[in-house]
Amino acid sequence: MRNWYNFTWLSGDFNVEQHVHMLDVCAWVMKDEYPVRAIGLGGKQVRTAPEDGQIYDHFSVVYEYAGGAKLFANCRQQKGCKNDISADVMGTKGVSHLSERRKGLWIKGPSDWAYAGKTNNMYQTEHDELFASIRAGKPINNGDYMSRSSLMAILGRMAAYTGQVITWEQALNSREDLSPPRYAWDVPLQVPPVALPGQTRFR
């Protein structure tokens, strides 16, 4: 229970548990269009102690869209490395940068733009917006796009774990069950092996 994060059946692996937030930003950039397939790689290179469980410590996934656009999504959780939580968008008329950091929102193109407003606490803002919507009788319901962004993250994990091209429909209709045979305190929990691309099968 205290180490839930390091086990895929509890956290979904960090591509699903944490990196999903940047994937959600990319879905917003794509106007809520979601990829039709993905291929990826990943592994467990640094976090190899028993308490590190079975999740990967790095992912690199290429998401492909019906119109030909591609999203290159990279993430890692390895101490001592350069950290960068951002998205760079390249279009036909310019580029933009999206980041949590101050001065991290800008567009360069025919009409350059950079956010110059007050820096907010995004966690506080989301709560402010939620409570305000409830008080106004118009509660925010993000369930639909949140579930799609979560599936996008799961799709990436499946592609990296198997080493195969996985389609959106395959992920949506997957019968994969990550849960243990039963939930009990009286028996030691058997930890499934770390996924091995090329050997781990899509289910």
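Below you will find a few notes about this structure.

It is worth spelling out the nonpolar core at this point. Counting residues in each nonpolar core, the largest one holds 24 residues, and the members touching the most others are L23, A38, Y63, L71, M152, L155 and W168. Going through the elements one at a time, α3 (20-29), β2 (58-64), β3 (70-76), α5 (143-162) and α6 (168-172) are the ones with two or more residues in this core. For this core, the leading source of residues is α5, giving six residues. Those residues in contact with M152, other than ones at most four positions away along the chain, are L23, Y34, P35, Y63, Y65, L71 and W168. Among the nonpolar cores identified, the runner-up in size contains nine residues, and Y5, F14, Y56 and A195 belong to it.

Another point: the side chain of N15. Within the element layout of this structure, N15 appears in helix α2 (residues 14-17). Here N15 falls in the buried class, since its relative accessible area comes to 1%. Here A153 takes part through its backbone oxygen, which lies 3.0 Å from a polar atom of the side chain of N15. Discounting chain neighbours no more than four positions away, the residues touching N15 are V20, L23, F59, Y63, C75, A153, G156 and R157.

Turning next to unusual backbone geometry. For residues that are not glycine, phi is negative in most cases, and the peptide bond is trans in most cases. The phi torsion at D13 lies on the positive side, around 75°, for a residue other than glycine. We classify D13 as buried; its relative accessible area is 0%. Positive phi is not limited to glycine here, since D32 has a value of about 60°. With respect to the secondary-structure elements, D32 resides in the loop between α3 and β1 (37-43).

Taken as a whole, this structure holds six aromatic pairs when the rule is applied. On the numbers, 5.4 Å between centres and 35° between planes, the contact of Y56 with F59 is tilted. Under the relative-accessibility criterion, F59 is labelled buried at 2%. Positioned above the aromatic ring of W106 is the side chain of K108, whose terminal nitrogen or guanidinium carbon lies 5.0 Å from the ring centre.

Another aspect to go through is the sheet that holds strand β8 (residues 166-167). Here four strands make up an open sheet; going across it, the order is β3-β2-β1-β8 and the pairing antiparallel. Two strands close off the open sheet at either side, each with one partner strand: β3 and β8. Bridge count for β1 against β2 is seven bridges, and the pairing is antiparallel. Note that in β2 the partner of G43 across the bridge is H58.

Either a parallel or an antiparallel arrangement is found when strands of a sheet pair, and the pairing is made through backbone hydrogen bonds. The strand order across the open sheet formed by four strands is β4-β5-β6-β7, and the pairing between neighbours is antiparallel. For this open sheet the edge positions go to β4 (86-90) and β7 (113-114), each flanked by a neighbour on one side alone. With five bridges connecting them, β4 and strand β5 (residues 95-99) associate as antiparallel partners. Across the sheet, D88 pairs through a bridge with H97, a residue of β5.

Procedures and definitions
- Residues numbered from 1 in each chain as written.
- Predicted model: local features only at pLDDT ≥ 70, side-chain atom pairs only at ≥ 80, totals over all residues.
- Heavy atoms only, no water.
- Core = buried A, V, L, I, M, F, W, Y, C linked by side-chain atoms within 4.5 Å.
- Buried < 20%, exposed > 50% of the residue type's maximum accessible area, 1.4 Å probe, protein only.
- Helix = DSSP H or I, 4+ residues; strand = E, 2+ residues; numbered from the N terminus.
- Contact = heavy atoms within 4.5 Å.
- Polar contact = N/O pair within 3.5 Å; in protein donor to acceptor, adjacent residues only side chain to side chain.
- Phe/Tyr/Trp six-rings, centres within 6.5 Å; stacked < 30°, edge-to-face > 60°.
- Lys NZ or Arg CZ within 6 Å of the ring centre and 35° of its normal.
- Pairing = 2+ DSSP bridges.

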